[in-house]
Amino acid sequence: MAEIQHWFSAAHEQFKPSELLEQAAEAERAGFEAIACSDHFQPWWEPGESGMAWVWLGSAAQATERVPVGSAVTAPVYRYHPALVAQAWATLEEMYPGRTFLGIGSGESLNESPLGMDWPPPAEQVERMEEALEIINRLFAGERLDTIGHFPMKQAYLHTNSGRRPPIYVSAFAEHAAQIAARHGDGLWTLADPETVPGLVDTYKSACEDAGREPGKIILQAGFSWAEDDDAALQGAKPFKATVPPEFYTDDWHDPPAMFEHADGKYSDDEFRERFIVGSDPELHVERIREIEKLGADVVVLMNNSGADPVGAIRTYGEHVLPALRAARV
């Protein structure tokens, strides 16, 4: 049985791109086995940050030596044409062979509506994602493509193509998306929610069997915040309360201040702590990550939401959390 991996995720909503480069290099030194990053046009709240993920990933690969890099996750539903996504990752793969992966999701109004999209119902969101996955896979396979579904094309073709399609991990919050992950991707990526993970994983594995494919990686994501004291850890991560309401992932919410106000009124700080790993004691972080591992994760993605001391948090993980997790399995 393969050892569970722990990936670092950089929060473009919370930190400047230059700060995240420092975090990426520190995360590799700490022992994280890959570097992911969020891919948004807006943050979930204001004020916040909004670095462009693709530009940053090239720099992150250059700033590190060996870890894979990729998005968590990219949504080719409107602002990104899937052929452009394929070109971007073909470029990364040519420059950093064997070190790239691509996370794909169905998106949020937060990132698409500001660029003019009339946000569609969930069924169309997922339909667009499946069409995009077909396009990306076929372009990497060397095909020339004309229009598919919602995406106009005229003989689109990847002229730079190293021949290796990066692994594609598909984000899913519902059964239909988990089935698409089984048909078109190399793994299932979802939030580490003990109430939803078992059903999604069962659906994914069953759909893989129906498609005659071996299941890929089960990738479960959580946010963490460490600081010298518990209150600082909570305050550092509290803006991410705006990521908790499930309606933000399906309905037409795209005003960051309104989103945070809505989330802050809907969820208490204690409820937020249940969803994120927040505290000053490294052992708390170890225990919570072990709980995620027991949900069946092949990979646990840990997004650094440590607003009080982001680099100190990474060093704490390198010195205490990751060694304890690995020692427990030896």
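The structure displayed is predicted, hence computed values, not measured ones.

Colleague: Can you lay out the packing of aromatic side chains for me, pointing to particular residues and giving the numbers?
Modeller: Geometrically, a pair of aromatic rings is defined through the distance of the ring centres and the angle of the planes. Taken as a whole, this structure holds 17 aromatic pairs when the rule is applied. Between Trp-44 and Tyr-249, the aromatic rings sit 5.4 Å apart at their centres with planes inclined by 50°, giving tilted as the arrangement. Placement of Trp-44 in the loop between β2 (35-37) and α2 (53-63) and of Tyr-249 in the loop between α8 (230-237) and α9 (256-266) is noted, with a sequence separation of 205 residues between them. Judged on exposure class, the residue Trp-44 and its partner Tyr-249 are both buried.

Colleague: Before we move on, can you summarise the environment of Asp-281 with the specific residues and values?
Modeller: Topologically, Asp-281 is positioned in the loop between β8 (277-278) and α11 (282-293). Considered as a pair, Asp-281 and Asp-264 are 17 residues apart in the sequence and their alpha carbons are 25 Å apart. From its side chain, Asp-281 meets the backbone nitrogen of Glu-283 in a polar contact 3.0 Å long.

Colleague: Break down the nonpolar core for me, citing the residues and quoting the values.
Modeller: If you look at soluble globular proteins, the nonpolar side chains tend to sit buried side by side. Residues Phe-32, Trp-56, Trp-89, Leu-188 and Tyr-317 are the most contacted members of the largest nonpolar core, which totals 98 residues. Membership of the second largest hydrophobic core comes to eleven residues, among which are Trp-7, Ala-34, Val-73 and Phe-101.

Colleague: Account for the packing of helix α6 (residues 175-184) against helix α7 (residues 197-211), with residues named and values stated.
Modeller: Running from amino to carboxyl end, α6 crosses α7 at an angle of 40°, the nearest separation of the two axes being 8 Å. If you check the angle between α6 and α7, you find them oblique. The crossing of α6 and α7 is right-handed. Where α6 approaches α7, its residues Glu-175, Ala-178, Gln-179, Ala-181 and Ala-182 are matched on the opposing element by Leu-200, Thr-203, Tyr-204, Ala-207 and Cys-208. Looking at the contact of α6 with α7, its residues break down into seven nonpolar, two polar and one charged.

Colleague: Give me a negative patch on the surface: which residues, what numbers.
Modeller: Together, Glu-228, Asp-229, Asp-230, Asp-231, Asp-281 and Glu-287 make up a negatively charged patch on the protein surface. Taking the relative accessible area as the measure of exposure, Glu-228 reaches 66% and is therefore exposed.

Colleague: So, the pairing of strand β9 (residues 299-304): which residues are in play, and what are the values?
Modeller: Here β9 lies mainly inside the structure; six of its six residues are buried. By the bridge criterion, five bridges tie strand β1 (residues 5-10) to β9 in an arrangement that is parallel. The partner of Ser-9 across the bridge, within β9, is Met-303. One ladder, built from six bridges, connects strand β7 (residues 217-225) with β9; its direction is parallel. Residue pairing for β9: Gly-223 is matched across the bridge by Met-303.

Colleague: Go over a nonpolar patch on the surface, please, and point to the residues and values.
Modeller: A surface patch of nonpolar side chains, amounting to about 280 Å² of accessible area, comprises Phe-41, Tyr-78 and Leu-115. Mapped onto the elements, Leu-115 comes out in the loop between α4 (109-112) and α5 (122-140).

Colleague: Quick rundown of the side chain of Thr-100? Include the residues and the values.
Modeller: Mapped onto the elements of the fold, Thr-100 is located in strand β4 (residues 100-104). Side-chain polar atoms of Thr-100 contact the side chain of Glu-93, separated by 2.6 Å. Leaving out residues up to four positions away in the same chain, Thr-100 has contacts with Val-69, Trp-89, Leu-92, Glu-93, Arg-164, Pro-166 and Pro-167.

Colleague: Tell me about unusual backbone geometry, residues and numbers included.
Modeller: Cis rather than trans, the peptide bond between Glu-46 and Pro-47 has omega equal to -5°. Structurally, Pro-47 is set in the loop between β2 and α2. A cis amide bond, omega -5°, links Ala-72 with the succeeding residue Val-73. Checked against the element boundaries, Val-73 lands in the loop between β3 (69-71) and α3 (82-95). Residue Gln-155 is not a glycine yet carries a positive backbone phi of 55°. Examined against the element boundaries, Gln-155 turns out to sit in the loop between α5 and β5 (168-171).

Colleague: Run through the packing of α5 against α6, naming residues and quoting values.
Modeller: A pair of packed helices is captured by two measures, namely the crossing angle of their axes and the spacing between those axes. In contact at an axis separation of 10 Å, α5 and α6 are set at 10° when each is read in the N-to-C sense. Our classification of the angle between α5 and α6 gives roughly parallel. The segment α5 lies against α6, with Val-126, Met-129, Glu-130, Leu-133, Glu-134 and Asn-137 engaging His-176, Ala-177, Ile-180, Arg-183 and His-184. Looking at the contact of α5 with α6 residue by residue, the classes come out as five nonpolar, three polar and three charged.

Reading the values: the criteria
- Here the residue numbers are simple positions, counted from 1 along each chain's written sequence.
- Only residues with pLDDT of 70 or above have their local features reported here, since the model is predicted, and side-chain atom pairs are shown and tallied only from 80 upward, although totals for entire chains, interfaces and linings are computed over all residues.
- As a rule here, side-chain values cover all heavy atoms of the structure and leave hydrogens and water aside.
- Aromatic pairing here means that ring centres of Phe, Tyr or Trp (its six-membered ring) are within 6.5 Å. Orientation follows from the plane angle: under 30 degrees is stacked, over 60 is edge-to-face, and everything else is tilted.
- Helix and strand labels come from DSSP, where a helix needs a run of H or I of at least four residues and a strand needs a run of E of at least two; each type is numbered from the N terminus.
- Under the scheme applied here, a residue whose accessible area is under 20% of the maximum for its type counts as buried, over 50% as exposed, and between as partly exposed, the area being computed with a 1.4 Å probe on protein chains only.
- Whenever two N or O atoms come within 3.5 Å, that pair is a polar contact, provided that in protein one can donate a hydrogen and the other can accept it, and provided that, for residues adjacent in sequence, both atoms are side-chain atoms.
- To form a nonpolar core, buried Ala, Val, Leu, Ile, Met, Phe, Trp, Tyr and Cys residues must be joined to one another through side-chain atoms within 4.5 Å.
- To obtain each axis, a line is fitted to C-alpha atoms, and for helices this fit is confined to the stretch in contact; angles are then taken between N-to-C directions over 0 to 180 degrees.
- Orientation categories follow fixed angle ranges, with anything under 35 degrees roughly parallel, anything over 145 roughly antiparallel, 65 to 115 roughly perpendicular, and all other angles oblique.
- What makes a crossing left-handed is the near helix being turned counterclockwise from the far one by less than a right angle; a clockwise turn instead makes it right-handed.
- Contacts were defined at the residue level, with two residues in contact if any of their heavy atoms lie within 4.5 Å.
- Side-chain classes follow a simple rule in which Ala, Val, Leu, Ile, Met, Phe, Trp, Tyr, Cys and Pro form the nonpolar group, Asp, Glu, Lys and Arg form the charged group, and the remainder, Gly included, forms the polar group.
- Each patch is built from residues lacking any salt bridge and having more than 30% relative accessible area; the joining distance is 9 Å for like charges and 5 Å for nonpolar side chains (Val, Leu, Ile, Met, Phe, Trp, Tyr).
- Only the protein chains shown count as cover for residues, with accessible areas throughout obtained via the Shrake-Rupley method and a probe of 1.4 Å.
- Counted as salt bridges are all cases of a side-chain nitrogen of Lys or Arg within 4 Å of a carboxyl oxygen of Asp or Glu.
- When charges are counted, Lys and Arg are positive and Asp and Glu negative, with His and the chain ends excluded.
- The atom standing in for a charge is NZ when the residue is Lys, CZ when it is Arg, CG when it is Asp and CD when it is Glu.
- Two strands are counted as paired when DSSP detects at least two bridges linking them.

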